[in-house]
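The primary structure of each chain is shown beneath.
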Amino acid sequence: DNTKPASSAVVVTATAVAPGTAYDALTATVTLALVDNDVPAVVFSKTSLTVTEGGSDDSFDVSLATKPLADVELLASIPGQLLLIPDSTTLMATWTPDNWDTVATITVAASDDLIDEADADTAIGFTVAAEGDVHYKVIGAMSVDVHIVDNDVAGVTFDMTTLSMEEGNSGIYQVKLDTQPTASVTVAISAAGGAEVGLSTELLVFSTANYDSYQSV
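These figures come from a predicted structure and were not determined experimentally.

**Q** How would you explain the overall build of the protein if you had to name every residue and give the values?
**A** For the protein, the helix and strand inventory stands at zero helices and 16 strands. Radius of gyration (C-alpha) of the protein: 34 Å, far over the 17 Å computed for a compact globule of 217 residues. In the protein, which comprises 217 residues, the share counted as buried stands at 27%. Of all intrachain contacts in the protein linking residues separated by at least 6 positions in sequence, the fraction that spans at least 24 positions is 59%. For the protein, the accessible area works out to roughly 13,000 Å², and carbon and sulfur atoms hold 53% of it. In the protein, which carries 5 positive and 31 negative side-chain charges, the distance between the mean positions of the two groups comes to 16 Å.

**Q** I'd love a proper account of the pattern of salt bridges, names of residues and values included.
**A** Within this structure, the stated rule accounts for two salt bridges. Across the pair D58 and K46 runs a salt bridge, and its minimum N-O distance is 2.7 Å. With D58 in strand β5 (residues 58-64) and K46 in the loop between β3 (42-44) and β4 (48-52), the pair connects residues that are 12 residues apart, well separated along the chain. Look at D58 and you get buried, because its relative accessible area is 15%. The exposure class assigned to K46 is partly exposed, which follows from its relative accessible area of 31%. In this structure, K137 engages E131 in a salt bridge whose closest nitrogen and oxygen atoms are separated by 3.4 Å. Residue classification places K137 among the partly exposed residues on the basis of a relative accessible area of 37%. Residue E131 is classed as exposed on the basis of its relative accessible area of 67%.

**Q** Let's hear about empty space enclosed by the protein: which residues, and what values?
**A** Within this structure, the stated rule accounts for one cavity of 30 Å³ or more. The computed volume of the largest cavity comes to approximately 30 Å³. Around the largest cavity sit E53, Q81, E117, A118, D119, A120, I148 and D150, which together line it.

**Q** Kindly report on the layout of surface pockets, identifying the contributing residues and their values.
**A** Computed from the structure, the largest pocket encloses a volume of approximately 380 Å³. M165, N169, G171, V197 and G198 are, among the 18 residues lining the largest pocket, the residues nearest its centre. Among the residues making up the lining of the largest pocket, the classes are represented as eight nonpolar, seven polar and three charged.

**Q** Tell me what's going on with the sheet that holds strand β6 (residues 72-77), and back it up with residues and numbers.
**A** The five strands lie next to each other as β4-β11-β10-β6-β8, forming an open sheet whose pairing is mixed. The sheet is open, and its two borders are formed by β4 and β8 (91-95), each paired with just one other strand. With strand direction ignored, the average angle separating the axes of adjacent strands in the sheet is 25°. Across four bridges, the pairing between β6 and β8 is antiparallel. Looking at β8, one finds that E73 is bridged to T94.

**Q** Could you give an account of the packing of aromatic side chains, naming the residues involved and the relevant values?
**A** Here the distance between the centres and the angle between the planes together describe a pair of aromatic rings. For the structure shown, the criterion picks out four aromatic pairs. Here the aromatic rings of F60 and F126 are separated by 6.1 Å at their centres, their planes lie at 80°, and the arrangement is edge-to-face. A residue pair is termed long-range when its members are at least 10 positions apart, and F60 in strand β5 and F126 in strand β10 (residues 120-129) qualify at 66 residues. Plain terms: the ring middles of F158 and Y173 are 5.8 Å apart, the flat faces sit at 45° to each other, and that makes the pair tilted. Of this pair, F158 sits in strand β12 (residues 156-158) while Y173 sits in the loop between β12 and β13 (174-177); the two residues are 15 residues apart in sequence, bridging distant segments of the chain. Residue class for F158 comes out partly exposed when judged on its relative accessible area of 40%.

**Q** Tell me about the nonpolar core, and please be specific about residues and values.
**A** Formed by 30 residues in total, the largest nonpolar core has its most connected members in V42, F60, L74, L82 and F126. The residues touching F126, leaving out its near neighbours within four places in the chain, are F44, F60, L74, L75, A76, M92, I106, A141, M142, S143 and V144. Grouped together as the second largest cluster of nonpolar side chains are nine residues, Y173, L177, Y211 and V217 included.

**Q** Just give me the short version of the sheet that holds β5, but keep the residues and values in it.
**A** The four strands lie next to each other as β3-β5-β9-β7, forming an open sheet whose pairing is antiparallel. Every other strand in the sheet has two partners, leaving β3 and β7 (82-85) as the edge strands with one partner each. Strand-to-strand twist in this sheet, taken as the mean axis angle between neighbours without regard to direction, amounts to 25°. Sheet topology note: the β3/β5 ladder contains three bridges and is antiparallel. Across the sheet, residue V42 finds its bridge partner in β5, namely L64.

Definitions and limits used
Residues numbered from 1 in each chain as written. Predicted model: local features only at pLDDT ≥ 70, side-chain atom pairs only at ≥ 80, totals over all residues. Heavy atoms only, no water. Helix = DSSP H or I, 4+ residues; strand = E, 2+ residues; numbered from the N terminus. Rg over C-alpha atoms; globule rule 2.2 N^0.38 Å. Buried < 20%, exposed > 50% of the residue type's maximum accessible area, 1.4 Å probe, protein only. Contact = heavy atoms within 4.5 Å. Areas by Shrake-Rupley, 256 points an atom, 1.4 Å probe, with all protein chains shown as cover. Lys, Arg positive; Asp, Glu negative; His and termini not counted. Charge placed at Lys NZ, Arg CZ, Asp CG, Glu CD. Salt bridge = Lys/Arg side-chain N within 4 Å of Asp/Glu carboxyl O. 1 Å grid on protein atoms, 1.4 Å probe; cavity = no way out; pocket = protein on both sides within 12 Å on 5 of 7 lines; lining within 4 Å. Points joined across faces, edges and corners; volume = space filled by probe spheres on them. Nonpolar A, V, L, I, M, F, W, Y, C, P; charged D, E, K, R; others polar. Pairing = 2+ DSSP bridges. Axes fitted to C-alpha atoms, helices over the stretch in contact; angles between N-to-C directions. Phe/Tyr/Trp six-rings, centres within 6.5 Å; stacked < 30°, edge-to-face > 60°. Core = buried A, V, L, I, M, F, W, Y, C linked by side-chain atoms within 4.5 Å.

Here's what the structure looks like:
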């Protein structure tokens, strides 16, 4: 079977039927030790995933190895940048003695921030809640590793690459940052090709809050 019972012993008795002989009603017994071969476990189809910020996700299946004696819940500890489907704070799956062989599929995605940073490695922690099953309740912590690929590239954007103006007149171009910085960024502005070109400012300062707002020169 698929249930994890306690190991047990069975006594088998053999009785001979041979009327008129010395064998009639002769008995013999054999004790059989029944050792259960079912090992309760939570089975993950994959323990290593790769996801991209705002892009590709990854999935894995989870199931029980044996039929439980009572309900079994799978609880997750989710790192801040990861999103799990089904969308739940902690509860990922519940198995009962009736549906214990159902496979639960969990999809993992990474939320899209606007910071250019190195790829990151993190992990989703899992624990089991099964107060009614002495075997499943003692299963220890488990985890699935997740590699997050960053999709942001730091850069400075100009709203135009060529500005034409007549002598004595002025023109305006605008500048912003491509990604959110982790601290203030100062962009130095300079003019090449002649002293007759003047600038309204030589420094533009962008903060973590206004990095994506154009500043004019």
